[in-house]
Amino acid sequence: MANEIPYSGEAEQAVLGCMFLDENSAKTAQTLLNSDDFFQQNNKILFDAFADVLKSGKVADVVTVSECLKQQNNFEKIGGKEYIVQIAMNVATSVRIKEYIKILKEKAYFRRKIAQGRALTEAAYQQDKQKLQQISKQSEQDGVQTEKLDCIPDVLAEYITVLQKDRNSNKRFAGLPTGFDDLDYYIGGLQQGNLIIVAGRPAMGKTAFALDLLRNAAKNMDKGYIAMLFSLEMDKNRIAARMFSAESSVDNTYFRLCIKDNEKWDEIIHRIQQEAKEFEQNTSDIYIDDTAGITLEEIYEKCHNQQVYTGKKIGLVVVDYLQIMGVEKTANRAMDVAYLSMGLKNLSKQFSCPVVALSQLSRENEKKADKKPTLDNLRDSGAIEQDADIVLMLYREKYYNKETPEGNGAEVIVAKNRNGATGSIKLNFLEKYTTFRNCIP
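Residues numbered from 1 in each chain as written. Predicted model: local features only at pLDDT ≥ 70, side-chain atom pairs only at ≥ 80, totals over all residues. Heavy atoms only, no water.

Looking at this structure, how should I read helix H6 (residues 97–125)?
Three- or four-residue spacings in an α-helix give side chains the same orientation, since the helix completes a turn every 3.6 residues. Compared with the 42 Å implied by 1.5 Å per residue over 29 residues, the 42 Å span of H6 between its first and last C-alpha is a close match. For H6, the complete set of buried residues consists of Ile97, Tyr100, Ile101, Leu104, Lys105, Ala108, Tyr109, Arg111, Gln116 and Ala123. Looking at the residues trailing H6, positive phi occurs at Gln127, about 60°. (Helix = DSSP H or I, 4+ residues; strand = E, 2+ residues; numbered from the N terminus. Expected span 1.5 Å × (residues − 1). Buried < 20%, exposed > 50% of the residue type's maximum accessible area, 1.4 Å probe, protein only.)

The following block contains the structure:
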């Protein structure tokens, strides 16, 4: 049984029977299926005959389909009149046609996976790395599509339903809360399908800010969602410690220093134990990968695998940071970065989640009297600005002027906002805990 080819003869006949019952079912099946979704050869032939009849503008019924099969010399090949009558009488109603179609699509998907697996095995025996990568890419992009594209009125109706649901749940905006009230006012939270770039010079707090977004958003995700963090620069131990420090207001230096004072160490451990339960509740749906130089393809694969492993959907992806992602380098660095930024934008659409990607800025802003960054300071590629839905730039005056009256004040510049206004907001940066906080008036 385990080695049998996946297919359902019953579902194949049920779909064809529904197609005989009414014209709408025939058109639905033609839209959502192709002959490769059928396994049995006679059913493939019969389905193609339906397609030919419909293309000719005729009504597809027993007579017209039979005539088409005869003209193609396929009538007797599929079983003649007896088989066609059997199919036509197979179902009493077409109301469940989409369920039958789903079964066919899933069986066809598993058959493709078997074929791809065999091809992978063959390529591995041949030690053909290029072919392995090609097959893996094809497999990654292969899914089970059981629905047709939506028309605009249907999309709008569904969107209004979502907005009504959000309104009834007392949500103030559509996206995941960032934890920063003024920022949410500008961008409406972290929204599905958006690529959000967080840019800044080194030591401005990009990682700290991204971890704040991650923690705050994860607290507000529905139970069926998870968040993914890809940390290319900092190892997972440091990340976990920094997140705990920011969440629980435990001095971050305790995780970096070897404390010899037993009493002090016991005090720290006791504090961690006190805070551990709440921290675990707030971060248990955040998963981290600290692979250095991870590629775009690997990020896609790991997001997909984690969905399968947890049984949950991706609610947020954070990448720290874009310029050190692995890529097959060309002579043109700008093209390499453009490939990555477009890939991250596509990631946000494929998984219907916000993607937050950190980016370095060039030194050009530091040559000016006013050191605040602008969009033209985005490093390596104008494509980042083009692909991003939102660009946030971090600026801390204290980095340049230790005596500034701004103290630990920070500014988040909303430099690009595809669906809203631009501007800037003020935050406080708590160096001891490596975290940002709302400014208290």
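Just to check I follow, could you spell out the pairing of strand S4 (residues 313–320) for this structure?
Side-chain direction in a regular strand flips from residue to residue, so the side chains alternate between the two faces of the sheet. Within S4, seven of the eight residues are buried, leaving the element largely enclosed by the surrounding structure. Looking at chain direction, strand S2 (residues 225–231) and S4 are connected through seven bridges and run parallel. Counted as the bridge partner of Ser231 is Asp320 from S4. The pairing of S4 with strand S5 (residues 355–360) spans three bridges and is parallel. Bridge pairing in S5 links Val319 to Ala357. (Pairing = 2+ DSSP bridges.)

Can you help me understand the pattern of salt bridges in this one?
Oppositely charged side chains can pair when the atoms bearing their charge come close. For the structure shown, the criterion picks out 11 salt bridges. A salt bridge links Lys426 to Glu411, with the nearest nitrogen and oxygen atoms 3.7 Å apart. Note that Lys426 is positioned in strand S8 (residues 423–430) and Glu411 in strand S7 (residues 409–417), a separation of 15 residues in sequence. You can call Lys426 partly exposed: its relative accessible area is 42%. (Salt bridge = Lys/Arg side-chain N within 4 Å of Asp/Glu carboxyl O.)

Explain the sheet that holds S4 to me, please; I cannot follow it from the model alone.
What links the strands of a sheet is backbone hydrogen bonding, and the strands pair in either a parallel or an antiparallel sense. As summarised here, the arrangement of the nine strands in space is S3-S2-S4-S5-S1-S6-S7-S8-S9, forming an open sheet in which the pairing is mixed. Bordering the open sheet on either side are strand S3 (286–289) and strand S9 (435–438), each of which pairs with just one other strand. For this sheet the average axis-to-axis angle between neighbouring strands, irrespective of direction, equals 25°. Examined bridge by bridge, S7 and S8 share six bridges and lie antiparallel to one another. Following the sheet pairing, Ile413 is matched in S8 by Ser424. (Axes fitted to C-alpha atoms, helices over the stretch in contact; angles between N-to-C directions.)

What am I meant to see in the packing of helix H1 (residues 9–21) against helix H2 (residues 23–32) here?
The description of two packed helices rests on the angle between their axes and on the distance between the axes. The N-to-C vectors of H1 and H2 enclose an angle of 135°; their axes lie 6 Å apart at closest approach. Comparing the axis directions of H1 and H2 gives the class oblique. Only Ser25, Ala26, Ala29 and Gln30 of H2 make contact with H1, whose side of the interface consists of Val15, Cys18 and Met19. Broken down by class, the residue content of the contact of H1 with H2 amounts to five nonpolar, two polar and no charged. (Parallel < 35°, antiparallel > 145°, perpendicular 65-115°, else oblique. Contact = heavy atoms within 4.5 Å. Nonpolar A, V, L, I, M, F, W, Y, C, P; charged D, E, K, R; others polar.)

What am I meant to see in a nonpolar patch on the surface here?
Judged by side-chain polarity, Ile5, Tyr7 and Phe39 come together as a nonpolar surface patch covering roughly 240 Å² of accessible area. Along the chain, Ile5 turns up in the segment before H1. (Patch = residues over 30% accessible without salt bridge, like charges linked within 9 Å, V, L, I, M, F, W, Y side chains within 5 Å. Areas by Shrake-Rupley, 256 points an atom, 1.4 Å probe, with all protein chains shown as cover.)

I keep staring at the pairing of S8 and nothing clicks. Help me out?
Linkage of S7 to S8, two consecutive antiparallel strands, is achieved through a turn of five residues. Sheet analysis places S8 next to S9, joined by four bridges and oriented antiparallel. Among the inter-strand pairings, Leu427 is bridged to a residue of S9, identified as Asn438. Counted between consecutive antiparallel strands, the loop separating S8 from S9 contains four residues, among which Thr434 sits at a positive phi close to 45°.

Could you clarify how one ought to interpret the side chain of Ser348 in this entry?
By secondary structure assignment, the location of Ser348 is in helix H14 (residues 333–350). There is a polar contact of 2.6 Å between the side chain of Ser348 and the backbone oxygen of Lys345. In this structure Ser348 touches Gly193, Asn194, Leu195, Cys353 and Val355, once residues within four positions along its chain are discounted. (Polar contact = N/O pair within 3.5 Å; in protein donor to acceptor, adjacent residues only side chain to side chain.)

So what exactly am I meant to see when it comes to the packing of H1 against helix H3 (residues 41–55) here?
Contact geometry for H1 and H3: axes closest at 11 Å, N-to-C directions at 25°. Between H1 and H3, the crossing angle belongs to the class labelled roughly parallel. By crossing handedness, the relation of H1 to H3 is classed as left-handed. In contact with Glu12, Gln13, Leu16, Met19 and Phe20 of H1, H3 contributes Asn43, Leu46, Phe47 and Phe50. Looking at side-chain class alone, the contact of H1 with H3 contains six nonpolar, two polar and one charged residues. (Left-handed = near helix turned anticlockwise from the far one by under 90°.)

All quantities given are derived from atomic positions and should not be read as evidence of function.
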